[in-house]
Every structure is written in structure tokens, then in C-alpha cells.
Amino acid sequence: MEESAVELPAIRLPGLDDIEQMSWQQFVVSSTGVLATLNRNLMVRHRLDLNEFRLLDFLARSVTGSARMGELAEELMLLRSRVTWMTCRLEARGLIRRARIPGDGRGVRAEITPEGRMRVGEAVKTYAQQVRRLYVNQMSRQQMLALGASCQRINASLESAELQARPTQS
Amino acid sequence: MERRTAIGQQVWDLPALDVAENMCVQQFMDSSLRLFATLNDGLISAHGLSLFAVLVLELLARSASGSARMRDLAEAFALAPSRVTQLIDRLEAQGLVGRNQHPQGRRVVLATITGEGRARLQSAIVTYARVVRLNYLDRLSRQQAIALGDACRRTGLPTRPA
């Protein structure tokens, strides 16, 4: 099977013309490839999958080094149950600590440990190296900026749709 | 290594990337993760098929013989063979895919889409297209859609593990 050729799928997406279909297909092939390659490199070199990396990185960057489960779920675009499970695993590995939030019966925070900071500090180098190889070095700055801007428009509308779907979350 | 700080706090920076590069990559990854999550939710609730299942069925349906080697599927999605095996097990249990031996290779297993698999895929594709229209194409001008596809075409595709 051809490894890298982007082909128009034989099954057409109804209502999309050739150009629309091509644009979407290229986006899918590219982003799945980039995400999968990042994931694999982080796993092989640091035993962190992409979501674990993003979680630790988010904590490392936050002012307090910690976040509530709900915040993490939102940031990582994952279900809360998945985040709970991930934080338990990361806690067992000594990379974060989980603690009840005083005065909030069910609230739990995750806080990054010094060990976690060290691990994510190393992983961030692999991440950057791979992002540069797969993505930044492949196009002009102008193209990259245009790509970022288009993706931002897509994000903005999906984010507002998510917010509307969860009007009660504080 | 360059370090940028803002208001006393380290900005999300990668040792080798500048701020604009970081932001663009972040937007690219986020939009991709969000779109896939939205597609996945829509497909599961309307058709009981995950996005991954639909992508695999589509790949099979697209091939001349309606089939692919399990190994090639794993490689196409840059996934561990066990993930593909699990999915094919589930699709086989639903009658959407069959397993058979490769005519030339004794130990090579092929996954082949069934007639029912094609029918389920067709209806899932309608949902898929609607989500793409609403959340991707409607957000972009025609020029932007072309430019985005072109930039994506340049990104490195998964290479074999180093």
C-alpha cells in the first residue's frame, strides 16, 4: 500500500466538491500523522503518551503547578473519567500528586511533583525537535502562520459550541 | 536555549521553537484533536462506530480488493498492531469486516470489508461529511481551505520508527 500519497477517497463525502474534499483529506492525513508520530516518539523516549505529556506540561506551566480535574479535562479535551484515570496512573509513577480541595466535598486537584517537572522538561525537547522536523521545517513562515490562523478559526467555533453544550459548568 | 518570560511566568515555550511556531502548532493540534473528538462523538451517537472504525472501513472500501493486510492497517494509522486487531475483532463481531488469508502468504492475514460494512460506512459517511462541513469548511474561505490543505500536504508523514 502506498505510504504517503494523499489520494481522494473513492467514497466521496457527500456535498463536498473536489477542492473541499482534498483540503479535508490532507488535513486528516497530516494531523493524524503528526499526532501519531509525536505520540510514538514521546512513548519511546520518555514513556509518556501525548496526553500525559500535555497534562504534565499544562501543570508545569500553570502558576501554582496544579489544576482541578475539570480544568484538565477541558484543556486536554478529554472526558473527566479519562483524566481521573490518567492522573491516578501518573500519581502512581510519582509524577503528580492528587489532593482534595478543602471546602469542596468532591473536588480534587492534581499537582506536579519535582520528578514530574524533570520528566516533562526532558520530554519537551523531544516534542520540539519532532514538531520542527515534521511541521515547522516543512513550510514557509507565511504558510505556517496562515495555517495557524485557519486552525484558530476552527478552534474558536468548536470551543464556543462546547461552551454552549455545557452551560452549567463553572 | 532561548527562554521567554512574560509577567514573571514562563511562557509555553519549546527549546527550539519561537512563540509564533508554538502557537501555530498548538492551534493545529488543538483543532485536529477537537475535530476528531467532534467526529468521534457524532459517529458513535448516530452509528455506533468510532471515528477510528470509520477510517479503517473507509480505507478498506477504497482499496481495489476491499481488503488490506493487518500490518498495513497498523502502519497506515501509525498504531500498534494490537489496537488494529482489537478493532477488527469488534468489526468482525458486528459483521462489517471479515478475516481471510492472503492468497500468496500463508501467515498473512487480510481484513476485508463486507457488504454490510459498506452499507454502514455509507450512512456513517453522511454524518461525517455534515460534521466536516459545519466545523471545518464553513469556518474557512475557499482560498483558506486550499492553503490549509496545501500546508498540511507538506507536513512530514509518519516515518518508520527510528
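Residues numbered from 1 in each chain as written. Chains lettered and ligands numbered in written order. Predicted model: local features only at pLDDT ≥ 70, side-chain atom pairs only at ≥ 80, totals over all residues.

(A) The arrangement of the overall build of chain A in detail. When helices and strands are tallied, chain A shows six helices and three strands. For chain A, the α and β elements follow one another from N to C terminus as α-α-β-α-α-β-β-α-α. When each of the 170 residues of chain A is scored for burial, the buried share is 33%. Summarising the internal contacts of chain A: among those between residues at least 6 apart in sequence, 45% fall at separations of at least 24. (Helix = DSSP H or I, 4+ residues; strand = E, 2+ residues; numbered from the N terminus. Buried ≥ 20, exposed ≤ 12 C-beta atoms within 10 Å, placed from the backbone. Contact = placed C-beta atoms within 7 Å.)

(B) Representation of the sheet that holds strand β3 (residues 67-69) of chain B. Residues and elements named next belong to chain B. Taken in spatial order, the three strands make up an open sheet running β3-β5-β4, and their pairing is antiparallel. Across the chains shown, the open sheet's two edge strands, defined by having one partner strand only, are β3 and β4 (97-101). Taken pair by pair, the neighbouring strands of this sheet meet at an average axis angle of 30°, ignoring direction. As paired strands, β4 and strand β5 (residues 109-113) are joined by five bridges and run antiparallel to one another. (Pairing = 2+ DSSP bridges. Axes fitted to C-alpha atoms, helices over the stretch in contact; angles between N-to-C directions.)

(C) Looking closely at the nonpolar core. Counting residues in each nonpolar core, the largest one holds 76 residues, and the members touching the most others are A:Phe53, A:Tyr127, A:Val131, B:Val54, B:Leu57 and B:Tyr128. Residue contacts for B:Leu57: discarding those within four places in its chain leaves B:Leu96, B:Ile113, B:Gly117 and B:Leu121. (Core = buried A, V, L, I, M, F, W, Y, C linked by C-beta atoms within 7 Å.)

(D) Geometry of the confidence of the model for chain B. All names here are of chain B. Considering every residue of chain B, the mean pLDDT works out to 84; 85% of them sit at 70 or more. By mean pLDDT, strand β2 (residues 9-10) is the weakest element of chain B at 41, and helix α5 (residues 115-135) is the strongest at 95. Low pLDDT, under 50, characterises residues 1-14; the stretch is placed with 20 contacts to residues that sit more than four places away or in other chains. The low-confidence segment residues 158-162 (pLDDT under 50) makes five contacts with residues lying over four places distant or belonging to another chain. With a pTM of 0.76, the predicted complex shows an ipTM of 0.81. (pLDDT = per-residue confidence, 0-100.)

(E) Here's a closer look at the packing of helix α1 (residues 19-47) of chain B against α5(B). Residue and element names in this part refer to chain B. Where α1 meets α5, the axes come as close as 10 Å, and the angle between the chain directions of the two elements is 140°. Taken together, the axes of α1 and α5 are oblique relative to one another. Regarding α1 and α5, the two cross each other, and that crossing is right-handed. Of the residues in α5, those in contact with Leu35, Thr38, Leu39, Gly42, Leu43, Ala46 and His47 of α1 are Arg120, Ser123, Ala124, Thr127, Tyr128, Val131 and Asn135. Its residues assigned to classes, the contact of α1 with α5 comprises seven nonpolar, six polar and one charged. (Parallel < 35°, antiparallel > 145°, perpendicular 65-115°, else oblique. Left-handed = near helix turned anticlockwise from the far one by under 90°. Nonpolar A, V, L, I, M, F, W, Y, C, P; charged D, E, K, R; others polar.)

(F) Here's a closer look at the interface of chain B and chain A. Counting from both sides, the interface comprises 59 residues of chain B and, opposite them, 56 residues of chain A. Counting only elements with at least two residues in the side of chain B that touches chain A, the list comes to β2, α1, α2 (51-62), α3 (70-76), α5 and α6 (142-154) of chain B. At 16 residues, the largest contribution of residues to the side of chain B that touches chain A is made by α1(B). In terms of residue class, the side of chain B that touches chain A is made up of 37 nonpolar, eleven polar and eleven charged.

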